[in-house]
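Breakdown of the fold
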Amino acid sequence: MRYDAPYGPFGLYGDPRYYLAVQEEKRQIRREANRLGWTAFLGTVFLTVLSTGGVLYFRMLQPYQPAFSSFGGLNPVLYYLISALGYAVGISVPVLFYFAVRRIPLAAGLPFERAGAVKTLACVFLGSAGCMFANFPASMIVSLEQAMGFSGTIPDMPLNDDPAVLALYVLSVVVIPPMVEEMMFRGMILQGLRRFGDGFAVVASAALFGLYHGNLAQTVFAFLCGLVLGFVVIRTNSLLPAILVHAVNNASAVAIQMVERYRGEAEAVAVGDKRAVVLLALGLLSLLYLLFRDKRFFSFGGPASPLRFSQKLGAMFSNPGVIMVTIYAVVTSVYVLAGT
């Protein structure tokens, strides 16, 4: 059935089959989004229970150490091991369980097709430049929060100068989140929604990715980055470029943080400026290469649909699973603001 031209004696919008098709696709989007939303929500609950529960369990086995109060009173290395394991298991297990229950092959839910080294690298540079630009609206949100009397501080993990703690911090920021978050958002969620259109799947998965971060500045930043990450996955049919972009973004943020910690704010600003110039240059070169290689690189296809884009988004956010993710995001955002 076609939806892009009138047909039959009623025309497109007067034909009862059109309205049946509209309701059916809305129902399918709600059902799929509900499953994905509940899995994402349970992932946040699972990782919180594992991480917090692990800290509390070991607190019962040993005396509280006041010198490590920011680490929950535990030895910092143990604290980071618990946090890293809780994050990795808390996000990945619900995703794998979802695939198992739905009987979705891992190759379909977590695609890693070979796109070629040059194309993959170009997508990584383009995606990294796109994520860099996402810092600007996020910074505007922070400035707005500060103007309203809040600190604008984004929650971060505690640190000290122990090399083992620093190494585990890098593991917990640069390695684990890119792998497990891409499994969930560009794997399970994006792939699960692609049958309703690639453009819709990219925007919807990016919206859930933003909500997942649970504070306003990071929600805006993660949503914009999610658009970039979803795009490179669609264009390569592989999670590898998204994982690498995610890792590069987090690694550069950690590098600037370390420079500020040990060399001062002025040096960190200088490093940040150099990073922006390098990523911008590499991003522009990559853009030219990808357009030369495929002039339709930025076009989106997909199956014919009776729904407008706004109707798809309405169906996406009108089911219990996604509503729970949204409530989680609002509550945690308010909590973060109240705590600052």
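Residues numbered from 1 in each chain as written. Predicted model: local features only at pLDDT ≥ 70, side-chain atom pairs only at ≥ 80, totals over all residues. Heavy atoms only, no water.

Take the pattern of salt bridges next. In a structure, side chains of opposite charge can pair up when their charged atoms sit close to one another. Scanning the model with the defined rule gives seven salt bridges in all. In this structure, Glu 182 and Arg 186 form a salt bridge, with 2.8 Å as the shortest nitrogen-oxygen distance. On the criterion of helical spacing, the pair formed by Glu 182 and Arg 186 is a turn pair, its members being four residues apart in helix 6 (residues 163-193). No difference in accessibility class separates Glu 182 from Arg 186, as the two residues are buried. With a closest N to O distance of 2.9 Å, Arg 194 and Asp 198 form a salt bridge. Each of Glu 32, Arg 35, Arg 102 and Arg 195 takes part in a single network of salt bridges with overlapping partners. (Salt bridge = Lys/Arg side-chain N within 4 Å of Asp/Glu carboxyl O. Helix = DSSP H or I, 4+ residues; strand = E, 2+ residues; numbered from the N terminus. Buried < 20%, exposed > 50% of the residue type's maximum accessible area, 1.4 Å probe, protein only.)

Take Ser 172: it is sitting in helix 6. We classify Ser 172 as buried; its relative accessible area is 11%. Reaching out from Ser 172, the side chain makes a polar contact with the backbone oxygen of Leu 168 at a distance of 2.8 Å. Beyond its immediate stretch of four places on either side in the chain, Ser 172 contacts Tyr 80, Ala 84, Met 157 and Pro 177. (Polar contact = N/O pair within 3.5 Å; in protein donor to acceptor, adjacent residues only side chain to side chain. Contact = heavy atoms within 4.5 Å.)

Here we come to the packing of aromatic side chains. How two aromatic rings sit relative to each other is given by the distance of their centres and the angle of their planes. Under the defined criterion, the tally for this structure stands at 15 aromatic pairs. Ring centres 5.3 Å apart and planes at 80° place the aromatic pair Phe 231 and Phe 297 in the edge-to-face group. Here Phe 297 lies in the loop between helix 10 (265-293) and helix 11 (309-316) and Phe 231 lies in helix 8 (residues 216-236), a separation of 66 residues in the sequence. For Phe 231, a relative accessible area of 11% puts it in the buried group. The rings of Phe 68, Phe 71, Tyr 79, Tyr 80 and Tyr 169 are connected pair by pair, giving a single aromatic cluster. Sitting above the plane of the Phe 209 ring, Arg 186 keeps its charged end 4.2 Å from the centroid. Across from the ring centre of Phe 297, 5.9 Å away, lies the NZ or CZ of Arg 235, which sits over that ring. (Phe/Tyr/Trp six-rings, centres within 6.5 Å; stacked < 30°, edge-to-face > 60°. Lys NZ or Arg CZ within 6 Å of the ring centre and 35° of its normal.)

This brings us to the side chain of Glu 32. Residue placement: Glu 32 occurs in helix 1 (residues 16-61). A polar contact is formed between the side chain of Glu 32 and the side chain of Tyr 98, at a distance of 2.6 Å. Those residues in contact with Glu 32 that lie beyond four places of it in its chain are Tyr 98, Arg 102, Gly 192, Leu 193, Arg 195 and Phe 196.

Let's shift gears to empty space enclosed by the protein. Tallied over the full model, the rule gives three cavities of 30 Å³ or more. In this structure, the second largest cavity occupies an estimated 50 Å³ of space. Along the walls of the second largest cavity sit Ser 128, Cys 131, Met 132, Asn 135, Val 248, Asn 249, Ser 252, Arg 275 and Leu 279, which together make up its complete lining. Broken down by secondary-structure element, the contributors of at least two residues to the lining of the second largest cavity are helix 4 (117-133), helix 9 (240-263) and helix 10. Residue composition of the lining of the second largest cavity, by class: four nonpolar, four polar and one charged. (1 Å grid on protein atoms, 1.4 Å probe; cavity = no way out; pocket = protein on both sides within 12 Å on 5 of 7 lines; lining within 4 Å. Points joined across faces, edges and corners; volume = space filled by probe spheres on them. Nonpolar A, V, L, I, M, F, W, Y, C, P; charged D, E, K, R; others polar.)

Turning our attention to unusual backbone geometry. Non-glycine residue Arg 103 carries a positive phi angle of around 55°. Considering the arrangement of structural elements, one finds Arg 103 in the loop between helix 2 (76-102) and helix 3 (106-109). Notably, Asn 237 is not glycine yet its phi reads approximately 50°, a positive angle. Structurally, Asn 237 is set in the loop between helix 8 and helix 9.

Looking now at helix 11. Owing to its 3.6 residues per turn, the α-helix aligns residues three or four sequence positions apart on the same side. Looking at helix 11, one finds that the buried residues are Gln 311, Lys 312, Ala 315 and Met 316. Viewed end-on, helix 11 has its buried residues packed into an arc of 145°, placing them on one side of the element. (Arc of directions from axis to C-beta.)

Time to look at the state of the cysteines. The final tally for this structure, using the stated rule, is zero disulfides. Cys 123 takes part in no disulfide bond, and the closest cysteine sulfur, belonging to Cys 131, lies 13 Å away. Here Cys 123 falls in the buried class, since its relative accessible area comes to 0%. No disulfide involves Cys 225; its sulfur sits 3.2 Å from the nearest other cysteine sulfur, which is in Cys 131. (Disulfide = S-S within 2.5 Å.)

Let's shift gears to the packing of helix 7 (residues 198-212) against helix 11. Where helix 7 contacts helix 11, the two axes come as close as 11 Å, and the packing angle between them is 40°. Overall, the two elements helix 7 and helix 11 adopt an arrangement that is oblique. Two packed elements cross with a definite hand, and for helix 7 against helix 11 that hand is right-handed. Across from Gly 199, Phe 200, Val 203, Ala 204 and Leu 208 in helix 7, the residues of helix 11 making contact are Phe 309, Lys 312, Leu 313 and Met 316. When grouped by side-chain class, the residues that make up the contact of helix 7 with helix 11 number seven nonpolar, one polar and one charged. (Axes fitted to C-alpha atoms, helices over the stretch in contact; angles between N-to-C directions. Parallel < 35°, antiparallel > 145°, perpendicular 65-115°, else oblique. Left-handed = near helix turned anticlockwise from the far one by under 90°.)

Everything listed is a geometric property; what it means functionally is a separate question.
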